[in-house]
Amino acid sequence: MEPEDFRAAGHELIDWIADFRTGVADRPVKAAVRPGEVRGAFPSEPPTGADDVRALLDDLDRAVVPGTTMVQHPMHFGWFPSNAALSSVLGDLASSGLGALGISWESAPALTEVEEVVCDWMRQLTGLSDRWHGSINDTASSSTFVAMLAARERATDHAQTGGGLGAHGRPLVVYTTDQAHSSVRKAALLAGVGADELRMVEVDPWTRAMRPEHLRDLVEADVAAGRQPMAVVVSVGSTGTTAFDPVDEVAAVCADHAIWLHVDAAMAGSAMLLPECRHLWHGVERADSVSWNPHKWMGTILDCSLLYVTDPEHLVRVFSTNPSYLRSTADGEVTQYRDWGIPLGRRFRALKLWFHLRLDGVAEIQTRLRRDLANAQWLAAEVERTEGWEVVAPVLLQTVCVRHRPLGPDGDPLTGAALDDHTTRWLAELNDSGRAYCTGSVLDDRWMVRVSIGVEATERRHVEALWHMMRDFAET
Ligand SMILES: *Cc1c(COP(=O)(O)O)cnc(C)c1O
């Protein structure tokens, strides 16, 4: 494709995107396709000729859009927000259009240095001290894995440079809670920590926050038994109920035993753009690594996960490979991001954050986050004052976890499997209606419904409409 053809097709595509976003609220929220239906709409043989962009846009409308759950829809309350601010979409396009190659500082000095600048802006915007040095990974899963590998090498005095884990001798132990995201378990297992050495620290029955006294007991017992504590991963905004582990008290345990502390703030990191929320990660300065996803609530389009560490030299020791064809005279003076993690080739992800911050402005993003927090408080208050409904976890962020408990045939509120049947029935009916979408989740062995507020387009009236629908589906 020549640049002039790109110009013409690109204008059509931009128009298509703008129309799509304008009309997103009129579509069903949940993709109403059966497994295989999208695949079946495509020819099984690869295309032979060259098509016009119009044909592709038609196919997008015909086969792709209906097969996509509309997470930008104002009535989407599922999972966590996965906002894709159009300002950041432009930055992503700029990144693709530049076609830069990030494999070393020399291959694209701007790619490296804009990432440094933008990570430092984000550090300041979230109130972190200048001890922290950031990089952008694809996802929080990758960020946590990188932190886990760094923790392992610190705990084993760089076993990888000698006999590896097999020669280390002492079993390595990782601590988290059963509220942590599945990526924490995945990272520990992939880093070579056996499932038997992954400790689930007790949580408070209401806040679901890690109990630091129990962490201390577990660590001391492991040390006494000849095992080696390797890392603690705290959740700052857990995925189920947005629980906040007490970072400061956990950090004290980690400091006493020289354990790596990783803060998984994938969702709640966005809230730290608001000074009034920063008490929720009090103690974060004592951690070794922190990660969070601008690609969730803040809304810089996927993929954009920040990872901050206090000691980047340690990352370099763990992740550096320095083949001769990648060496340059600038080594030693510049950041080589390939030495901060796993991939060699790097996208210019900093541009989407830069576009997002510059075109929307931080004040607008903060206003939106505050709107969502207020909407969550409004919904929680409505649920609490309505007969038969309950809020089942503290609402510290933008997610409201609820259950509806009608009276059973015996006149008592439903419990057990009957309550689960009721919850999963009304949730499925709500979601299948296409008019709104929420996610179910199991809490204390019972199904509940998470209402995760925070799509860019979601205003109070949408939350009000959802609450009416929830009552309709659950109470009839
Ligand atoms: C969403 C989430 C993750 C995973 O994020 P990805 O970027 O999709 O890997 C990890 N931890 C928490 C707390 C999350 O909410």
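For the structure, see preceding data.
Only a predicted model underlies this, so the values are computations on that prediction, with no experimental measurement involved. (Residues numbered from 1 in each chain as written. Predicted model: local features only at pLDDT ≥ 70, side-chain atom pairs only at ≥ 80, totals over all residues. Heavy atoms only, no water.)

**Student:** Help me understand the overall build of the protein chain in this model?
**Tutor:** Scanning the protein chain from terminus to terminus reveals 15 helices and 12 strands. Compactness check: the protein chain gives a C-alpha radius of gyration of 24 Å against a globular reference of 23 Å for 476 residues, within 12% of the reference. Its C-alpha atoms give the protein chain principal-axis dimensions of roughly 65 × 65 × 45 Å. Put simply, 74% of the contacts in the protein chain that link residues at least 6 apart link residues at least 24 apart. As presented, the protein chain carries roughly 21300 Å² of accessible surface, and 54% of it is formed by carbon and sulfur atoms. If the 44 positive side-chain charges of the protein chain are averaged to one point and the 67 negative ones to another, these points end up 1 Å apart. (Helix = DSSP H or I, 4+ residues; strand = E, 2+ residues; numbered from the N terminus. Rg over C-alpha atoms; globule rule 2.2 N^0.38 Å. Contact = heavy atoms within 4.5 Å. Areas by Shrake-Rupley, 256 points an atom, 1.4 Å probe, with all protein chains shown as cover. Lys, Arg positive; Asp, Glu negative; His and termini not counted. Charge placed at Lys NZ, Arg CZ, Asp CG, Glu CD.)

**Student:** I'm lost on the nonpolar core in this one. Help?
**Tutor:** Taken as a class, soluble globular proteins show a tendency for nonpolar side chains to be buried jointly. Met-122, Leu-215, Val-232, Val-236, Leu-261, Val-263 and Leu-397 are the most contacted members of the largest nonpolar core, which totals 56 residues. Residue contributions to this core peak at 5 residues, all from helix H10 (residues 247-257). Looking at which domains feed residues into this core, each of domain 2 (93-360) and domain 3 (363-475) supplies at least three. Once you skip the residues sitting within four places of it in the chain, Val-232 turns out to touch Tyr-175, Met-210, Leu-215, Val-250, Cys-254, Ile-259, Trp-260, Leu-261 and His-262. (Core = buried A, V, L, I, M, F, W, Y, C linked by side-chain atoms within 4.5 Å. Buried < 20%, exposed > 50% of the residue type's maximum accessible area, 1.4 Å probe, protein only. Domains from an automatic or database assignment.)

**Student:** Sorry if this is basic, but what is going on with the site of the ligand here?
**Tutor:** Lining the immediate environment of the ligand, one finds 13 residues, of which Ala-140, Ser-141, Asp-264, Asn-293 and Lys-296 sit closest. In the environment of the ligand, an oxygen atom lies 2.8 Å from a nitrogen or oxygen atom belonging to the backbone of Ala-140. Contact between the ligand and Ser-141: an oxygen atom at 2.5 Å from a side-chain N or O atom of the residue. Against a free-state accessible area of 380 Å², the protein chains account for coverage of 87% of the ligand. For the shell around the ligand, the residue count by class is 3 nonpolar, 8 polar and 2 charged. (Near = heavy atom within 4 Å. Polar contact = N/O pair within 3.5 Å; in protein donor to acceptor, adjacent residues only side chain to side chain. Nonpolar A, V, L, I, M, F, W, Y, C, P; charged D, E, K, R; others polar.)

**Student:** I would appreciate a short explanation of the pattern of salt bridges in the present structure.
**Tutor:** Pairing between side chains of opposite charge can happen when the charged atoms of each approach one another. Scanning the entire structure with this criterion turns up 32 salt bridges. Notably, a salt bridge pairs Arg-347 with Asp-92, separated by 2.5 Å at the nearest N-O pair. Here Arg-347, found in the loop between helix H11 (312-319) and helix H12 (350-360), pairs with Asp-92, found in helix H4 (residues 86-98); they are 255 residues apart in sequence, far enough to count as distant. Between Arg-338 and Asp-339 there is a salt bridge, with the nearest N and O atoms lying 3.7 Å from each other. (Salt bridge = Lys/Arg side-chain N within 4 Å of Asp/Glu carboxyl O.)

**Student:** In this structure, what is going on with the side chain of Ser-235? I would like to understand it.
**Tutor:** Tracing the backbone through its elements, the reader meets Ser-235 in strand S5 (residues 228-235). With relative accessibility at 4%, the residue Ser-235 sits in the buried group. If we skip the residues at most four places from it in the chain, Ser-235 touches Gln-179, Ala-180, Ala-243, Phe-244, Asp-245 and Asp-264.

**Student:** Got a minute to help me understand the layout of surface pockets in this structure?
**Tutor:** It is the rolling of a water-molecule-sized probe over the atoms that shows where space remains empty. Roughly 670 Å³ of volume is contained in the largest pocket. Taken together, 27 residues form the lining of the largest pocket, with Ile-17, Phe-20, Arg-21, Val-89 and Ile-301 sitting closest to its centre. Those elements that provide at least two residues to the lining of the largest pocket are helix H1 (3-23), helix H3 (53-64) and H4. Top element by residues in the lining of the largest pocket is H1. It accounts for 7 residues. Here the lining of the largest pocket is built from residues that sort into 19 nonpolar, 6 polar and 2 charged. By volume, the second largest pocket amounts to about 370 Å³. Taken together, 21 residues line the second largest pocket, and the ones lying closest to its centre are Glu-313, Val-334, Thr-335, Gln-336 and Trp-340. (1 Å grid on protein atoms, 1.4 Å probe; cavity = no way out; pocket = protein on both sides within 12 Å on 5 of 7 lines; lining within 4 Å. Points joined across faces, edges and corners; volume = space filled by probe spheres on them.)

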